[in-house]
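Residue-level listing of the chains:
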Amino acid sequence: MKVLIDTCSLISFVRYYLPFDKEGKLLTFLEEQILSKNIIVLDKVITECRRQGKGLVINALPFLRNAKYKTDSTTLIPRPKFYNLIDNNFVIGSEKNHLNQAEYQIERDRFLNSTDLALILYAYNHKDSETISIVTEETGYSNDGKVFKKIPEICKSIDINTMTLPEFFKSSEILDLSVNLTATTLF
């Protein structure tokens, strides 16, 4: 199985997992999996990582600066059928109804250039040739007033699997957490 990883999952990895990786095993695993393209990091994700959290991800995972770790998304071009999916399946009708045609076109163009769409399009274009999932911390619930659905809801409508970072680690059986507490360490 191959996975595409979203910006929010990389941020979660750096914030919530990396501090506990005292021996660097998790970091090594991530780097090896990205290099072997079992975990795919699109160039758009890396660009977002540079802008979000003051470059937290890029500073913690400096290997992502190297071109061999990223996958080019410039060749991802939606086919005509995919445009129909965008307009009919990916849109939140109640939000779209508040917009005139010009406003909707602006939102649609913004979505077409988004990292989210690049992840979805990559998975959509490759789902027939390989088992592929998207790792994201997004939920399907839309509460941000955006015109387009969140990644998990879109993927559900086009038969692409999504999972959170903990679900990915659990499915990969790479993370074995144990807690070592003693009475003296608690107080």
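Above this text you will find the structure in question.
All values derive from a computational prediction rather than experimental measurement.

Undergrad: Explain unusual backbone geometry to me, and be specific about the residues and the numbers.
TA: One non-glycine residue, K37, lies in the positive phi region at around 65°. Here K37 lies in the loop between α2 (25-35) and β2 (39-40). According to the relative accessible area criterion, K37 is partly exposed, its value standing at 23%. Even without glycine at this site, K54 takes up a positive phi of about 55°. Residue placement: K54 occurs in the loop between α3 (43-51) and α4 (56-60). The exposed category is assigned to K54, whose relative accessible area is 81%.

Undergrad: How would you summarise the pairing of strand β3 (residues 132-135) if you had to cite specific residues and measurements?
TA: Side-chain alternation along β3 places I132 and I134 on one buried face and S133 and V135 on a second face that is also buried. Judged from the 4 bridges that link them, strand β1 (residues 2-5) and β3 form a sheet pairing that is parallel. Each bridged residue has a counterpart across the sheet, and for L4 the counterpart in β3 is I134. In the sheet, β3 pairs with strand β4 (residues 161-163) via 3 bridges, with the strands oriented parallel. Bridge pairing in β4 links I134 to T162.

Undergrad: Account for α2, naming residues and giving values.
TA: Among all positions in α2, only L26, F29, L30, Q33 and I34 are buried. Down the axis of α2, the smallest arc covering the buried residues is 125°, so these residues share one side. Elements that come into contact with the buried residues of α2 comprise α1 (7-17), β2 and α10 (165-172). Looking at the residues trailing α2, positive phi occurs at K37, about 65°.

Conventions adopted
- Residues numbered from 1 in each chain as written.
- Predicted model: local features only at pLDDT ≥ 70, side-chain atom pairs only at ≥ 80, totals over all residues.
- Heavy atoms only, no water.
- Helix = DSSP H or I, 4+ residues; strand = E, 2+ residues; numbered from the N terminus.
- Buried < 20%, exposed > 50% of the residue type's maximum accessible area, 1.4 Å probe, protein only.
- Pairing = 2+ DSSP bridges.
- Arc of directions from axis to C-beta.
- Contact = heavy atoms within 4.5 Å.

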